[in-house]
Every structure is written in structure tokens, then in C-alpha cells.
Amino acid sequence: APNVIPEVDRMHLFQNSGINSYPLVLLGEGGSGKSVLASQFFERLAGDHNELTLFLACSRVPSTANLNTHDQVDRALANALGQEGFGIKELVKMAHIGSLVIDTIDLLLSEDSSPAILEVLTDLANETRLVVTCRKREWKDHLEQLPNYGFTPFHVPLLDKEKL
């Protein structure tokens, strides 16, 4: 049988942090368990609230997507959820999405795309409970210093061998 890393409950790390505000960014190094924690957030938010919760994996946005304007980012994120013809902000409003978890936003960040991405994330944060995952370095280099930055950071510690 192949070696498979067992499911590790990471939610207690966040629950013990005292952080309870949105929008929230889960920051960490590659392999720290950000995506695991994001999926656990999704499960908790979907179960805790009587409203729709969406999970968006940025790996579903094509690497060739042009993400230099608000509209391009807005539509690319909706397309990654299988929705054509309108943007994610409109989808969140129309479907009354209560919570949105966006995993691996760092895959989309570049010097050119970052201002438009932050603008869309800020719009989404005004419409829904927003949780985003990102590698620490990319977040710091591309988003943290931009105007209108309003995310609460949670630094995801690396998984240690005793926990596995």
C-alpha cells in the first residue's frame, strides 16, 4: 500500500488563535497544510451556517488566463467554479453565498495581476465571509503592501512529524 499522509485536524490551531474576523488569509510555506486547513474551514463554515459555502481552487484557473484587470480576474474566478457569462462577485450576490474559501491564490499572483486580484478579493470580502490561502512570500511580495489591504493573517505552522 502506498504511504498516505493521514488527515490531520488543523482547525484547532486556528480556534486557539483567538482570531475571529474576516476576511482571513491563511499564510504559510509550501507543504504547511494551508489547503488542508482551508478544506476544514470549508466544512466548518458549510456546517455552521444555514447558507451556501463555496470552495474555489485557483489551480482551476488556466495558467494562460489574462488577470490584469478587475473584470478579467472576476470572470476567471467564476469560470474556475464552472460558471460562464458573469463574474464571481455577481455569483456570490445572486446565489447568496455566505462563505467563500479560495485556495492557493498565490498561483495567480504576479506584478501585473496583483492589484486587480486584491480589488476582487476586497469586493468579495464586502459580500461574504472570505478565507484565502497563500504562500507567505507571495502574499508579502504582491498583496500586503497594496492600498486598501484589510486581511487578518493567520500563520499556519509547518506540520511536524509527531502530528502525522
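A separate point is the overall build of the protein chain. Looking only at helices and strands, one finds six helices and five strands in the protein chain. When the elements of the protein chain are put in sequence order from the N terminus, they spell out α-β-α-β-α-α-β-α-β-α-β. The buried share of the protein chain, taken over its 164 residues, is 43%. Carbon and sulfur atoms make up 48% of the accessible area of the protein chain, which amounts to about 8,800 Å² in all.

Further remarks concern helix α5 (residues 114–125). Along its 12 residues, α5 runs 16 Å from first to last C-alpha, staying within 8% of the 16 Å computed at 1.5 Å per residue. Listed as buried for α5 are S114, A116, I117, L118, V120, L121, D123 and L124. Tucked inside the fold, the buried residues of α5 contact α3 (70–80), α4 (88–94), β3 (97–103), β4 (129–135) and α6 (136–142).

Now for the pairing of strand β5 (residues 152–155). On β5, burial follows the alternation: T152 and F154 on one face are buried, whereas P153 and H155 on the facing-out side are not. For strand β1 (residues 24–28) and β5, the ladder comprises four bridges, and the chain directions are parallel. Its bridge partner lying in β5, L27 is registered against H155.

A separate point is the sheet that holds β5. Pairing within the open sheet is parallel, and its five strands lie in the order β2-β3-β4-β1-β5. Two strands bound the open sheet, and with one partner strand each, they are β2 (52–57) and β5. Looking at each pair of strands side by side, their axes are set apart by 15° on average, direction ignored. Bridge analysis of β3 against β4 gives four bridges, and the strand direction is parallel. Looking at the pairing, V101 lines up with V131 of β4.

Among the structural elements, G33 can be located in the loop between β1 and α2 (34–48). Since its relative accessible area comes to 12%, G33 is described here as buried. Distance from G33 to T133, taken between C-alpha atoms, is 10.0 Å for residues 100 residues apart in sequence.

Attention now moves to the packing of α3 against α5. At a closest axis distance of 8 Å, the pairing of α3 and α5 adopts a crossing angle of 60°. Considering the angle they form, α3 stands oblique to α5. The chirality of how α3 crosses α5 is right-handed. Taken together, the residues of α5 that come into contact with α3 (itself represented by H70, V73, D74 and L77) are A116, I117, E119, V120 and D123.

Ranked by internal contacts, the top residues of the largest apolar core, which has 32 residues, are I88, I102, I105, L121 and W139. Residue assignment for this core shows that the elements contributing at least two residues are β1, α3, α4, β3, α5 and β4. The biggest single contributor to this core is α5, with six residues. When residues no more than four places from it in sequence are discounted, the contact partners of L121 are I102, I105, L130, V132, L143 and F151.

This part is about α3. Of all the residues in α3, the buried ones are V73, D74, A76, L77, A78 and A80. For α3, the elements touching its buried residues are β2, α4 and α5. Residue G82 follows α3 closely and has a positive phi angle near 85°.

Evaluation of the coordinates by the stated rule reveals five salt bridges. Among the salt bridges present, the one from R75 reaches D71, with a minimum N-O distance of 3.4 Å. Of this pair, R75 and D71 both sit in helix α3, four residues apart, which is roughly one turn of the helix. By relative accessible area, which is 35% here, R75 ends up partly exposed.

What counts, and at which threshold
Residues numbered from 1 in each chain as written. Predicted model: local features only at pLDDT ≥ 70, side-chain atom pairs only at ≥ 80, totals over all residues. Heavy atoms only, no water. Helix = DSSP H or I, 4+ residues; strand = E, 2+ residues; numbered from the N terminus. Buried < 20%, exposed > 50% of the residue type's maximum accessible area, 1.4 Å probe, protein only. Areas by Shrake-Rupley, 256 points an atom, 1.4 Å probe, with all protein chains shown as cover. Expected span 1.5 Å × (residues − 1). Contact = heavy atoms within 4.5 Å. Pairing = 2+ DSSP bridges. Axes fitted to C-alpha atoms, helices over the stretch in contact; angles between N-to-C directions. Parallel < 35°, antiparallel > 145°, perpendicular 65-115°, else oblique. Left-handed = near helix turned anticlockwise from the far one by under 90°. Core = buried A, V, L, I, M, F, W, Y, C linked by side-chain atoms within 4.5 Å. Salt bridge = Lys/Arg side-chain N within 4 Å of Asp/Glu carboxyl O.

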